[in-house]
Amino acid sequence: MDQSPLHPKSNVMPALKLSFHGTFALKKQDVLKLLEVAETEQGLHGSLMELVERTGLGNEKVLRIKSWAVRSGLVHQNHLSPEGVVVRTCDPYLTSPVTDWLMHSHLSFSDRGLQSPPANPAEWGGWSYFVFCFLPEHPEFTLDELVKASAPVFEDVSSRLLRTNFRFVLRAYTEVQALWSCRFVQSLGNNRFRSGEAQLPNAELLGYFLAKLWQRDFGAQETVALTQLHQPMGLAPILGISDLSSCLQRLETQGLLRQSDNQGDSQITRCWQDPLFLLKKAYGSG
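Since this is a predicted model, take the numbers as computed values, not measurements. (Residues numbered from 1 in each chain as written. Predicted model: local features only at pLDDT ≥ 70, side-chain atom pairs only at ≥ 80, totals over all residues. Heavy atoms only, no water.)

Asker: Which parts of the structure should I look at to understand the overall build of the protein?
Answerer: When its secondary structure is counted, the protein shows twelve helices and eight strands. Projecting the C-alpha coordinates of the protein onto the three principal axes gives extents of approximately 65 × 45 × 35 Å. For the protein, with 286 residues in total, the buried portion stands at 49%. In the protein, once contacts between residues fewer than 6 apart in sequence are set aside, the share between residues at least 24 apart is 65%. With the model as given, the accessible surface of the protein reaches about 13,000 Å², and the carbon-plus-sulfur share is 49%. Separation between the mean location of the 27 positive side-chain charges and that of the 29 negative ones in the protein comes to 4 Å. (Helix = DSSP H or I, 4+ residues; strand = E, 2+ residues; numbered from the N terminus. Buried < 20%, exposed > 50% of the residue type's maximum accessible area, 1.4 Å probe, protein only. Contact = heavy atoms within 4.5 Å. Areas by Shrake-Rupley, 256 points an atom, 1.4 Å probe, with all protein chains shown as cover. Lys, Arg positive; Asp, Glu negative; His and termini not counted. Charge placed at Lys NZ, Arg CZ, Asp CG, Glu CD.)

This is how it looks when you write it as structure tokens:
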């Protein structure tokens, strides 16, 4: 196993953690049915049959789509998450690229959300491995290459299961009914794919991403060194880029942060208060 900084040595045997989808691909029209129920007073509480009746989804499907909604950051504890409330208010039919980017960012962290990240992103499962380990080293790849690279990481998972599960990850990015509009991963045909050429989010959504990661990594701290923002599970890999300078410049232009120099060390000072306010503004910016 590669022991590069993106694959630090660990005693933890990574688990793939991609079986949550069953055999149901991400389709936002199905997620929308869950959100319409989650925003009611009862939310998603109740028996399975009640949930089937209220959503119009089948027995197995309703559980799998619920998992998609939870991992996408839109549902928490059987109700809309704070982000889910913003999405239902600003993008009720889930058609905005802002929503696609938001869902992608949450899916990147598997089922762990914004907990303190592990030394090895693969410890959080296949989706985190794909975004934070594989793509930075493979901007263009085939499904076969993804399976081959991941096999030594997830040693207990057969090649067949790796292929099946990563195919669902790729479908989530390349199908129109899923997260296609963020263009985080693009299909080139013949099971070949490319990353790193996404149309980046507007400045307000970039600010939301940075604000959430800042909460995770620095808490209430006002100023940090620029180098501290470059992390294996930080903003750059979430956006599919290697250099944050242009993004930080956009945020500074919008008054969301200040950049300064302290005896040769670049410093970043945050100028936001509420990440959710930035998310709401992101929808207003288109």
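Text resumes after the structure shown.
Asker: Explain the sheet that holds strand 3 (residues 140–142) here, please?
Answerer: With antiparallel pairing, three strands are arranged side by side in an open sheet as 3-5-4. Looking at strand neighbours, the two that pair on one side only are strand 3 and strand 4 (185–189), the edges of this open sheet. Across the sheet, the mean angle from the axis of one strand to that of its neighbour is 30 degrees, orientation sign disregarded. As paired strands, strand 4 and strand 5 (residues 192–195) are joined by four bridges and run antiparallel to one another. Within the sheet, the bridge partner assigned to Ser187 lies in strand 5 and is Phe193. (Pairing = 2+ DSSP bridges. Axes fitted to C-alpha atoms, helices over the stretch in contact; angles between N-to-C directions.)

Asker: Just checking my understanding: could you explain the packing of helix 4 (residues 82–90) against helix 12 (residues 275–284) for this structure?
Answerer: A pair of packed helices is captured by two measures, namely the crossing angle of their axes and the spacing between those axes. Where helix 4 contacts helix 12, the two axes come as close as 10 Å, and the packing angle between them is 20 degrees. The orientation of helix 4 relative to helix 12 falls into the category roughly parallel. Relative to helix 12, the crossing made by helix 4 is right-handed. In this structure, helix 4 uses Pro82, Glu83, Val86, Val87 and Cys90 to contact helix 12, whose residues at the interface are Leu276, Leu279, Lys280 and Tyr283. Its residues assigned to classes, the contact of helix 4 with helix 12 comprises seven nonpolar, no polar and two charged. (Parallel < 35°, antiparallel > 145°, perpendicular 65-115°, else oblique. Left-handed = near helix turned anticlockwise from the far one by under 90°. Nonpolar A, V, L, I, M, F, W, Y, C, P; charged D, E, K, R; others polar.)

Asker: Honestly, the environment of Gly189 in this entry has me stumped. Any pointers?
Answerer: Here Gly189 lies in strand 4. The spacing of Gly189 and Thr142 is 47 residues in sequence and 9.6 Å in space, taken between C-alpha atoms.

Asker: Help me understand the nonpolar core, please; the structure alone is not making it clear to me.
Answerer: Within soluble globular proteins, side chains that are nonpolar generally end up buried alongside one another. Judged by nonpolar contacts, the single largest core of 88 residues is most densely connected at Trp127, Phe130 and Phe166. Of the residues forming this core, the biggest block, ten residues, is contributed by helix 9 (residues 203–218). Non-local contacts of Phe130, meaning those with residues more than four positions away in its chain, are made with Leu135, Phe141, Leu146, Phe166, Val169, Leu170, Tyr173 and Val185. (Core = buried A, V, L, I, M, F, W, Y, C linked by side-chain atoms within 4.5 Å.)

Asker: It is not clear to me how the sheet that holds strand 8 (residues 265–270) should be interpreted in this structure. Could you clarify?
Answerer: The strands making up a sheet are joined through hydrogen bonds of the backbone, oriented either antiparallel or parallel. Overall, antiparallel pairing links the three strands, which are arranged 6-8-7 in an open sheet. Looking at which strands have only one partner, the edges of the open sheet turn out to be strand 6 (223–225) and strand 7 (257–262). The mean inter-strand angle of the sheet, taken between neighbouring strand axes irrespective of direction, is 30 degrees. Note that strand 6 and strand 8 share three bridges and pair antiparallel. Considered in strand 8, the bridge of Ala225 is made with Gln267.

Asker: Sorry, what's going on with the packing of aromatic side chains here?
Answerer: What the rule picks out here adds up to 17 aromatic pairs. Centre to centre, the rings of Trp127 and Tyr173 are 5.9 Å apart; their planes meet at 65 degrees, and the pair counts as edge-to-face. Taken together, the residues span a long stretch of sequence, with Trp127 in helix 6 (residues 126–137) and Tyr173 in helix 8 (residues 159–174) at a distance of 46 residues. The buried category is assigned to Trp127, whose relative accessible area is 2%. Both rings, one in Phe134 and one in Phe141, keep their centres 5.0 Å apart while their planes meet at 90 degrees; by these two values the pair is edge-to-face. Phe141 shares its class with Phe134; the two are buried. A network of ring pairs unites the aromatic residues Phe20, Trp68, Trp101, Trp127, Tyr129, Phe130, Phe134, Phe141, Phe154, Tyr173, Phe184 and Phe193 as a single cluster. (Phe/Tyr/Trp six-rings, centres within 6.5 Å; stacked < 30°, edge-to-face > 60°.)

The analysis is restricted to geometry; functional conclusions fall outside its scope.
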